[in-house]
Amino acid sequence: MNIKLLVMDVDGTLTDGTIYISPNGEAMKAFNVKDGYGIVQAIKKGIIPVIITGRKSQIVEERARELKITELYQGIEEKLTKLKEVAEHYKVTPEEIAYIGDDLNDLECIEYCGVTGCPADSVEEIVQKVHYVCKHKGGEGAVREFIQWLEKSH
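Description of the structure in this document.

Thresholds, definitions, all that
- Residues numbered from 1 in each chain as written.
- Predicted model: local features only at pLDDT ≥ 70, side-chain atom pairs only at ≥ 80, totals over all residues.
- Heavy atoms only, no water.
- Core = buried A, V, L, I, M, F, W, Y, C linked by side-chain atoms within 4.5 Å.
- Buried < 20%, exposed > 50% of the residue type's maximum accessible area, 1.4 Å probe, protein only.
- Helix = DSSP H or I, 4+ residues; strand = E, 2+ residues; numbered from the N terminus.
- Contact = heavy atoms within 4.5 Å.
- 1 Å grid on protein atoms, 1.4 Å probe; cavity = no way out; pocket = protein on both sides within 12 Å on 5 of 7 lines; lining within 4 Å.
- Points joined across faces, edges and corners; volume = space filled by probe spheres on them.
- Nonpolar A, V, L, I, M, F, W, Y, C, P; charged D, E, K, R; others polar.

## Describing the nonpolar core
Stage number 1. Counting residues in each nonpolar core, the largest one holds 24 residues, and the members touching the most others are Leu 6, Met 8, Ile 39, Phe 146 and Leu 150.
Stage number 2. Looking at this core, the elements that each hand over two or more residues are β1 (5-8), α1 (33-44), α2 (58-66), β6 (97-100) and α6 (142-153).
Stage number 3. Considering every element that reaches this core, the biggest residue donor is α6, with six residues.
Stage number 4. Discounting residues that sit within four places of it in the chain, Phe 146 has contacts with Leu 6, Ala 98, Tyr 99, Ile 100, Val 115, Thr 116, Gly 117, Tyr 132 and Cys 134.
Stage number 5. Counting 18 residues, the second largest nonpolar core, distinct from the first, contains Val 50, Leu 83, Ile 97 and Ile 126.

Structure representation (structure tokens):
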């Protein structure tokens, strides 16, 4: 496989998109253990996982730490700009980047990257642009499914 970076969105991709907010702020997000296992296996194969998300969350920071994801970028309005910075840092081409996301703020990155996927419940504009539409929804193992598809097809 010639993929060097696996770039992921969070809400709606690594999670089901539900955001629980308490009076003190964000309280919970649910992550699928299958996605985590897939990410860990990708790391073992030399793929660098990257999270680029529009929201800021201590919960996402903790999950990234658990999975040993060091490339975590939160509160990013211009995802493509950040993606290009990361790609330049690692000296990778767009063809060496796999991207999975679910909504319109992922569209520019999806158009930029060489291999793309989305969860089953993504917005239609994303579904029409990606190389692979997962059978699983966001937060229900879609990232793991995408990683497995990458291994088989690339």
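Text resumes after the structure shown.
## Structural notes on empty space enclosed by the protein
Remark: the empty space left among the atoms is shown by a probe the size of a water molecule rolled over them.
Stage number 1. For the structure on display, the rule yields one cavity of 30 Å³ or more.
Stage number 2. Here the largest cavity defines a volume of roughly 50 Å³.
Stage number 3. No other element matches the three residues that α1 contributes to the lining of the largest cavity.
Stage number 4. Of the residues belonging to the lining of the largest cavity, the class tally is six nonpolar, two polar and two charged.

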